[in-house]
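Geometric and topological summary
These are the residues of each chain, in order.
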Amino acid sequence: ITYRVKGHVSVDAAAYRAIAETPMPTLDEPLRQLSELADNSKLWLVIAGGLFVLGGRTGRRAALTGAAAIAINSAIGNLPMKFAGRRERPDRGGIGVPKRRGVEMPASTSFPSGHSASGFAFASAVAGTLPIAALPLRGLAAAVAYSRVHTGVHYPGDVVVGSLIGVTVGEATALIARGIHRRRPRA
């Protein structure tokens, strides 16, 4: 099944509609809150703060690497890529996303998802220093990415591409951080 969005047949729009039309009342509020918590990378910065304070030397390095990945990702993904993408946000009211799922509709363009990119950039960068954190952080990043579709502010393709951008930025940041750490003289 495909749907037309502004005259174009789109599998992405069909997936968006399927998610919108699937009743999930027990998930609506938690995913709405998760989506809002990830605004402006608050969720990732809180986790970075916890790692920095409680994680010892490795936790501090992981926190700084994760924060650097968010900053690099924002400079790459949220500015030039959104400008180049220029994809309009979904019409969640017209497609039938339940109102209880709604978060504030961002003013920026839809493609790629900045929330997804930031989450995966942070998770991948931290995992490069602290491998034990890989699974829980990537799981949380995936939940944030899905929450953006669930709340109606992104098409699935936006979050997939945002996630891929984030993984790439996070892995590259972790690689650079490991190189810097290896070259540093030990006290």
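Predicted, not measured: the structure shown is a model, and the values here were computed from it.

Let's talk about a nonpolar patch on the surface
Judged by side-chain polarity, F52, V53, L54 and L64 come together as a nonpolar surface patch covering roughly 460 Å² of accessible area. Per-element tally for the nonpolar patch: the top contributor is helix α3 (residues 42-54), with 3 residues. When you line up the elements, V53 lands in helix α3. With a relative accessible area of 65%, V53 lands in the exposed category.

A look at the environment of L64
Inspection of the secondary structure puts L64 in helix α4 (residues 56-85). A relative accessible area of 53% places L64 in the exposed class. With 61 residues separating them in the primary sequence, L64 and A125 have C-alpha atoms 9.2 Å apart.

Some remarks on the packing of aromatic side chains
Counted by the stated rule, this structure contains 2 aromatic pairs. Plain terms: the ring middles of Y16 and Y155 are 5.2 Å apart, the flat faces sit at 55° to each other, and that makes the pair tilted. Of this pair, Y16 sits in helix α1 (residues 11-21) while Y155 is found in the loop between α7 (134-150) and α8 (156-183), placing the two residues 139 residues apart along the sequence. The exposure class of Y16 is buried, given its relative accessible area of 1%. Using a relative accessible area of 6% as the deciding quantity, one classes Y155 as buried.

Quick notes on the nonpolar core
Core analysis: the biggest nonpolar cluster contains 29 residues, and W44, F122 and V126 have the highest contact counts within it. The set of elements that each furnish at least two residues to this core consists of α1, α2 (25-37), α3, α4, α6 (114-129) and α7. Ranked by residue count, the leading element in this core is α7, at 5 residues. Discounting residues that sit within four places of it in the chain, V126 has contacts with L51, A62, G66, A133 and L137. If you look at the next biggest cluster of nonpolar residues, it comprises 5 residues, including A69, A121, A125 and I165.

Each value, and the rule that gives it
- Per chain, residues are indexed from 1 in the order of the written sequence.
- The predicted nature of this model means local features are confined to residues of pLDDT at least 70 and side-chain atom pairs, given and counted, to a pLDDT of 80 or more, with totals for whole chains, interfaces and linings taken over all residues.
- Excluded from the side-chain calculations are hydrogens and water; all other atoms, namely the structure's heavy atoms, are used.
- Residues qualify for a patch when their relative accessible area is over 30% and they have no salt bridge, like charges being joined within 9 Å and the nonpolar side chains of Val, Leu, Ile, Met, Phe, Trp and Tyr within 5 Å.
- Only the protein chains shown count as cover for residues, and all accessible areas are computed by the Shrake-Rupley method using a 1.4 Å probe.
- The term salt bridge refers to a pairing of a side-chain nitrogen on Lys or Arg with a carboxyl oxygen on Asp or Glu at a separation within 4 Å.
- Numbering of helices and strands runs from the N terminus, with a helix taken as a DSSP run of H or I at least four residues long and a strand as a DSSP run of E at least two residues long.
- Under the scheme applied here, a residue whose accessible area is under 20% of the maximum for its type counts as buried, over 50% as exposed, and between as partly exposed, the area being computed with a 1.4 Å probe on protein chains only.
- Pairing of aromatic rings covers Phe, Tyr and the six-membered ring of Trp, with a centre-to-centre limit of 6.5 Å; geometry is then stacked below 30 degrees between planes, edge-to-face above 60, and tilted otherwise.
- Think of a nonpolar core as a cluster: buried Ala, Val, Leu, Ile, Met, Phe, Trp, Tyr and Cys residues, connected wherever their side-chain atoms sit within 4.5 Å.
- Only heavy atoms enter the contact rule, under which two residues are in contact if any of them lie within 4.5 Å.

None of the figures reported here should be taken as evidence of function without further support.
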